[in-house]
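Examination of the molecular architecture
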Amino acid sequence: MRSDLQMAFIGSGVMAEAMISGLLAKKVVTADQIIASDPLESRRLYMQQTYSIRTTSHNTEAIQGAAIAVLSVKPQVLGSLMQTLRGKIALDTLIMSIVAGASITSLSQGLNHASIVRAMPNTPAQVGMGMTVWSASPEVTEVQHSYSKIILQALGEEMEVLHEYEIDRATGISGAGPAFVFLLIEAIIDAGVQMGFTRDQAQILTLQTIAGSVELMRRTNEHPTKLRNQVTSPGGATAVGLYELEKGRIRTTICDAVFATFERTQKLGKLS
Ligand SMILES: NC(=O)c1ccc[n+]([C@@H]2O[C@H](COP(=O)([O-])OP(=O)(O)OC[C@H]3O[C@@H](n4cnc5c(N)ncnc54)[C@H](OP(=O)(O)O)[C@@H]3O)[C@@H](O)[C@H]2O)c1
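The rules behind each value
Residues numbered from 1 in each chain as written. Predicted model: local features only at pLDDT ≥ 70, side-chain atom pairs only at ≥ 80, totals over all residues. Heavy atoms only, no water. UniProt positions renumbered as here; feature names shortened; annotations may be inferred. Helix = DSSP H or I, 4+ residues; strand = E, 2+ residues; numbered from the N terminus. Buried < 20%, exposed > 50% of the residue type's maximum accessible area, 1.4 Å probe, protein only. Pairing = 2+ DSSP bridges. Axes fitted to C-alpha atoms, helices over the stretch in contact; angles between N-to-C directions. Contact = heavy atoms within 4.5 Å. Right-handed = clockwise from strand over helix to strand, strands pointing away.

As annotated in an unreviewed UniProt entry, the protein carries the name Pyrroline-5-carboxylate reductase and comes from Floridaenema aerugineum BLCC-F46. The Sequence similarities (unreviewed entry) field of the UniProt record for the protein holds the comment "Belongs to the pyrroline-5-carboxylate reductase family."

See below:
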């Protein structure tokens, strides 16, 4: 991206940090191109010292002169943030919101601003393995569109969708998904410990098994049922484990969890 381009992050929490570290690691922008705002002084100091970026407690100062401003606050404070920023955003600034549930229409009306990208990233962006689903308002220019792609590609994979409701759906899978996966990882490690492995041993076995299964499916592109059957010997050990999982309604429970997350995302969108 152009070296004179300024980027602002409004809210310097977990996801803002993931994005900033990804952008700097991939050299998409340099530290002097980034300013981040946050109410907490200790957080601002941490961001300054860790990433050599500028920080401020004033959101209107952060957004001044920014070509791209990322809204990275919680949905509960978006309404008051939009009131603060309304009328203070330059016409050619691209607003990129990662706020769960907040629609392009509500952002555009709340900020009285037309160029909006709405994105749903996830925390593996911290290590460049993120998945972001995003959509742009019709007013986003070609250049702003290509900048958005470059920014989101620095975090891992990106998928642009035409229909914005797909972002709410994606929140149930890729946005919140890492939390579901970490719960599964935790449960398998705990079971390993219960059987007598050390925690370190159980963690190595669990993480390599999950990473290997993901890689196997990526490379073979086979249906998961076929790959699962390759593990399941007739009358063997895996079959009884799978029986217990199905008895515990793992399939429908996961489905319910994804749908509940999707529905909650839609409700969060009504907060602002
Ligand atoms: N975490 C995820 O996995 C994830 C994934 C995708 C999208 N998102 C979305 O990303 C957004 C941020 O999530 P997060 O997990 O990064 O939350 P977070 O860690 O709580 O970050 C939000 C930051 O904004 C600060 N803040 C609060 N009020 C502010 C204001 N008026 N102006 C400027 N900054 C303010 C908070 O400070 P205080 O802590 O002092 O209040 C905090 O440092 C949310 O809308 C969420 O839906 C999160």
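In this section: the environment of L271. Turning to its location among the elements, L271 is positioned in the segment after α12 (250–268). On a C-alpha basis, the gap between L271 and P75 in space is 6.8 Å, while along the polypeptide they are 196 residues apart.

Looking now at unusual backbone geometry. One non-glycine residue with positive phi stands out, namely S52, at about 55°. On the secondary structure map, S52 appears in the loop between α2 (41–51) and β3 (54–56). The exposure class of S52 is exposed, given its relative accessible area of 55%.

The next point concerns the sheet that holds strand β8 (residues 156–160). A sheet is described by the order of its strands in space; here 8 strands give the open sequence β3-β2-β1-β4-β5-β6-β7-β8, paired in mixed fashion. Every interior strand has two partners, whereas the edge strands, β3 and β8, have only one. Across the sheet, the mean angle separating the axes of adjacent strands is 20° when strand polarity is ignored. On the sheet, helix α5 (residues 104–111) packs against β4 (68–71), β5 (94–97), β6 (116–120) and β7 (130–136) and is oriented at approximately 135° with respect to β6.

On to the pairing of β6. Within β6, 5 of the 5 residues are buried, which leaves it mostly tucked inside the rest of the structure. The alternating pattern of β6 places I116, R118 and M120 and V117 and A119 on opposite faces, both of which are buried. With 3 bridges connecting them, β5 and β6 associate as parallel partners. Within β6, the residue paired with I95 across the bridge is I116. Viewed along the sheet, the connection from β5 through α5 into β6 turns out right-handed.

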